[in-house]
Structure formats: structure tokens, C-alpha cells
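# Fold and geometry: a report
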Amino acid sequence: MSELQNCENCAHKDGCKEVYRRMSQYDGPSVLGRVFCAFVIPLLSFIISLGVLQYMFEKSVSSENQRIFFSFLGALIVTLMVITAIGVVNRKFGKYRQRELCH
């Protein structure tokens, strides 16, 4: 009830309605793939590589602190490589999709 009262007294209430109307009619491309590539894939690569490296270093590194450090460092390197690969793929295929959409 208080939101309606705020809208009734607001000088921009018609502008808000227009913005919400336009947003509901938007037919642009989905950003789900970009969000997945930007956030989910790097996070999963970090978690998986951290687990794999912890397992690999379990027998070869005796100190737990060193094992954690090397596993974290290795997972960070793997994640940076994945982010770089995603950027390269986006640059290579992004230009093709851009040309295709423009013509």
C-alpha cells in the first residue's frame, strides 16, 4: 500500500510506467550465455582445478600449508588461462557474429 502512495505523490510516476512498459517489450538477445561465460565457467574451473590439484599434491607435498599454497596458485593459473581462452574465443567469433548481424 505504501508503494502505491509513493507513486501517487511522485512527479515521475508516468515516466516509471513508460520505462517498465518499454522493458517488458524488449526483444533483444539473451545475455545468459555471456553471464555464464563471464561468471560460471571461471568459477567452476577454479573449484574443479583446486580439488584436482589438492588430490594430486596430497602424496607429493608433505606440508599441508605448502599443498594449499601450490593448489591455490595452480587453480588461479588454470582459471586465468580459462578466462584468457574465453576472451580469445569471444574476440575471434564475436567479430564474425557482428559482421553477420550488421549485413
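Computed from a predicted structure; not experimentally measured. Starting afresh in each chain, residues are numbered from 1 along the sequence in its written order. This being a predicted model, a pLDDT of at least 70 is required before a residue's local features are given, and a value of 80 or more before pairs of side-chain atoms are given or counted; all residues contribute to the totals for chains, interfaces and linings. To obtain the side-chain values, all non-hydrogen atoms of the structure were used and water was disregarded.

## With respect to the overall build of the protein
Rules: Under the scheme used here, helices are H or I runs from DSSP no shorter than 4 residues and strands are E runs no shorter than 2 residues, and both carry numbers assigned from the N terminus. Throughout, exposure labels follow a simple rule: accessible area from a 1.4 Å probe, protein chains only, divided by the maximum for the residue type, with under 20% read as buried, over 50% as exposed, and the rest as partly exposed. Accessible areas in this description were obtained via Shrake-Rupley with a 1.4 Å probe; residue shielding takes into account the shown protein chains only.
Per the secondary structure count, the protein includes four helices and zero strands. Taken from N to C terminus, the helices and strands of the protein fall in the order α-α-α-α. Taking all 103 residues of the protein together, 11% fall into the buried category. Accessible area of the protein: about 9200 Å², with a carbon and sulfur share of 66%.

## Describing the side chain of Thr79
Let me state the cut-off plainly: The criterion used for residue contact is that any of the two residues' heavy atoms lie within 4.5 Å.
Residue position: Thr79 is located in helix H4 (residues 64-102). Ignoring any residue separated from it by four or fewer positions in sequence, one finds Thr79 in contact with Pro42, Ser45 and Phe46.

## Structural notes on helix H3 (residues 32-60)
Note the following rule: Expected span of a helix, by definition, is 1.5 Å for each gap between consecutive residues, and there is one gap fewer than residues. Working definition for bend: take the seven residues up to and ending at a residue and the seven starting at it, fit an axis to each, and measure the angle between the axes.
With 29 residues, H3 should reach 42 Å at 1.5 Å per residue; the first-to-last C-alpha distance of 41 Å fits that figure. At Val40, H3 is bent by approximately 30°, the largest bend along its length, and proline Pro42 sits one to four residues beyond. Within H3 the residues assigned to the buried category are Pro42, Ser45, Ser49 and Leu53.

## Observations regarding the packing of aromatic side chains
The condition is simple: Aromatic contacts are taken between Phe, Tyr and Trp rings whose centres are within 6.5 Å, Trp giving its six-membered ring; a plane angle under 30 degrees counts as stacked, one over 60 as edge-to-face, and the others as tilted.
A complete count under the given rule lists three aromatic pairs for this structure. Judged by centre distance (5.8 Å) and plane angle (80°), the rings of Phe46 and Phe72 are edge-to-face. Residue Phe46 is located in helix H3, and its partner Phe72 is located in helix H4; the two are separated by 26 residues in the primary sequence. Here Phe72 falls in the partly exposed class, since its relative accessible area comes to 43%. Members of the aromatic cluster, each reached through a chain of ring pairs, are Phe57, Phe69 and Phe70.

## Description of the side chain of Ser45
By the element assignment, Ser45 lies in helix H3. A relative accessible area of 13% places Ser45 in the buried class.

## A closer look at a nonpolar patch on the surface
Operational definition: Exposure above 30% relative accessible area and the absence of a salt bridge qualify a residue for a patch, where like charges join within 9 Å and nonpolar side chains (Val, Leu, Ile, Met, Phe, Trp, Tyr) within 5 Å. Basic side-chain nitrogens of Lys or Arg form a salt bridge, by our definition, when they fall within 4 Å of a carboxyl oxygen of Asp or Glu.
Together, Val31, Val35, Phe36, Phe39, Val40, Leu44, Ile48, Val52, Tyr55 and Met56 make up a nonpolar patch on the protein surface, roughly 1000 Å² of accessible area in all. Within the element layout of this structure, Met56 appears in helix H3.

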